[in-house]
Amino acid sequence: MTDSTFAVSGEPTHWALSALLLLLWLLASWRWLRKMPLEGATEAHWLIIHASQTGQAQDLAKTAFRRVSKVLEAQGRTARLAAANVVTKSDLARAEALCFVVATTGEGEAPDNALRFEREVMASAPDLTGKLAAILALGDRRYDQFCAFGQRVAEWLEHNRATFLGPPVLVDDHAPADLERWDALLRETGFPEAEQDSDASVKSWKVVRREQVAKASPGSGSGQTSDGLYHLVLQPQDHDERQWQIGDLFELHTPCGHLRDYSIANRPGSEELHLIVRRVLDQGRTGRGSGLLTATSEQNQVVNGRIRPHPSFRPPAGDGPLLAIGAGSGWAGLRPHVLHAMANDRPCWLIYGERQDADNDALLAEMRAWHREGQLLHLDLALSSGGGPYVQDIVAQKAAQLVQLCGPDTGVILCGRLAMGQACLAELARMLSQDWLDEARETGRLRHDLY
Ligand SMILES: Cc1cc2nc3c(=O)[nH]c(=O)nc-3n(C[C@H](O)[C@H](O)[C@H](O)COP(=O)(O)O)c2cc1C
């Protein structure tokens, strides 16, 4: 490097030009920052508080934030968007209105980003007299405890004497009629529609490949059967989509207005999206989303959807090995994490279950090949068509080795049906302690996507 690299110009025009550029940059940064929803900063007149496991509530909260802040800004007042867990009692005390957009997960549970809020803030009884409140609760009537967390938030607000702007809006499976009631509530409160809502990012995608990768198998006896797993490759039509991250979802919009989420099964960087979809047959009829994607032989079928960020399912923190556990279509969620671990030489132990073994099933063949090639530290398959063992049984059987693996830097990623996930978490808690799991969950070393 020569001295001239650092030579200071004595030319006044150079100084003037530099000052002008610096000024423009500061101005642009300021304008950009003003447009960003201020996630995390919670002191404001209106607090828009979200509780979201897979991002839908967060998206709707962002839209509400845009609507509210546009009006408030014109009045010289402020709105802030915050995940429930970062909201404190003093934030609530300072705000004049509280707008909750909350999902329910598990069996009537709060999403991870609201667990602390429920445990600490909702366990107390702050005086909310005079504060305005609105609630949008997302849920699904197929679950026993419909919108349970939203209802608990509503009861807590009522108990602490907040003034509701309207009855809590409970949304069943993203039903357009339910969402219209929320839209009307915001409009009547004085917040007209936002210029751009999240549907602007819904685009057309072409299904360029569709291959059955696991065989059909008998169902659970509830009338639902699995007609096998399908690996699909989607390409964007007339748009470029590379700005996504591991863990993100493809949100399919069906022609009748329902939304279905599918984990993106490949690593970012490619134009294509890979999905692994189970074709579900319920009383002989294919599922709304899986039917659309898999029950057609149409070449280059075009579907509508968008990529949705799923920040709670990013690669687990920690520099140690990765324990990846999943079953069935949960492979879609696990696969990019396993690929990422292998690409980064992070030792990976994969425990995976599927209903039956068939030598020519491409899905299992891929895992077995990675194991043979030494890319996986261990591979345990629970192929349970004969009544077991299930994934949680393997976890229990391998307790001694798993305890050895799970140190302070180990990451755990878990994806699949809720019952399987909860059974595995219970086994892990038994062998490692609930404290270990809680700590791993709170520090981002344990991440799960259970459905
Ligand atoms: C694993 C899982 C568990 C769920 N449990 C419930 C539930 O107990 N009650 C309910 O009403 N909805 C339940 N739902 C539906 C979600 O609340 C609904 O899909 C919501 O739109 C998700 O919002 P989010 O993306 O912000 O997490 C569950 C969804 C999943 C995936």
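Look a little higher up for the structure.
Residues numbered from 1 in each chain as written. Predicted model: local features only at pLDDT ≥ 70, side-chain atom pairs only at ≥ 80, totals over all residues. Heavy atoms only, no water.

**Student:** Looking at this structure, I do not really get the packing of helix α8 (residues 331-343) against helix α9 (residues 362-372). What am I missing?
**Tutor:** Packed helices, taken two at a time, are described by the angle their axes make and the gap between the axes. Interaxial distance between α8 and α9 falls to 13 Å at its minimum, and their mutual angle equals 20 degrees. Viewed along their axes, α8 and α9 adopt a mutual orientation that is roughly parallel. For the pair α8 and α9, the sense of crossing is left-handed. Where α8 abuts α9, its residues W331, R335, V338, L339 and M342 lie against L363, E366, M367 and W370. Across the contact of α8 with α9, the residue classes break down as seven nonpolar, no polar and two charged. (Axes fitted to C-alpha atoms, helices over the stretch in contact; angles between N-to-C directions. Helix = DSSP H or I, 4+ residues; strand = E, 2+ residues; numbered from the N terminus. Parallel < 35°, antiparallel > 145°, perpendicular 65-115°, else oblique. Left-handed = near helix turned anticlockwise from the far one by under 90°. Contact = heavy atoms within 4.5 Å. Nonpolar A, V, L, I, M, F, W, Y, C, P; charged D, E, K, R; others polar.)

**Student:** Would you explain the state of the cysteines in this entry?
**Tutor:** Think of a disulfide as a covalent bridge from one cysteine sulfur atom to another cysteine sulfur atom. Taken as a whole, this structure holds zero disulfides when the rule is applied. A disulfide-free cysteine, C99 has its sulfur positioned 15 Å from the sulfur of C147, the nearest such atom. Given a relative accessible area of 0%, C99 falls into the buried group. The structure places no disulfide on C406, whose sulfur is separated from the nearest cysteine sulfur, that of C348, by 12 Å. Judged by relative accessible area, C406 falls into the buried class, the value being 7%. (Disulfide = S-S within 2.5 Å. Buried < 20%, exposed > 50% of the residue type's maximum accessible area, 1.4 Å probe, protein only.)

**Student:** Looking at this model, I keep getting lost on the sheet that holds strand β18 (residues 446-450). Mind explaining?
**Tutor:** Hydrogen bonding along the main chain pairs the strands of a sheet, whether they run parallel or antiparallel. In spatial order, the strands read β16-β15-β14-β17-β18; together these five strands make up an open sheet with parallel pairing. The open sheet has two free edges, formed respectively by β16 (378-383) and β18, since each of these has just one partner strand. Put simply, the sheet's adjacent strands are angled 5 degrees from each other on average, direction ignored. Note that strand β17 (residues 411-416) and β18 share five bridges and pair parallel. Bridging across to β18, L414 finds its partner in H448. Relative to strand β14 (residues 322-327), α8 is tilted by about 160 degrees, and along the sheet it contacts β14, β15 (348-354) and β17. Of the strands in this sheet, β15 and β16 touch α9, which is tilted by about 155 degrees from β16. (Pairing = 2+ DSSP bridges.)

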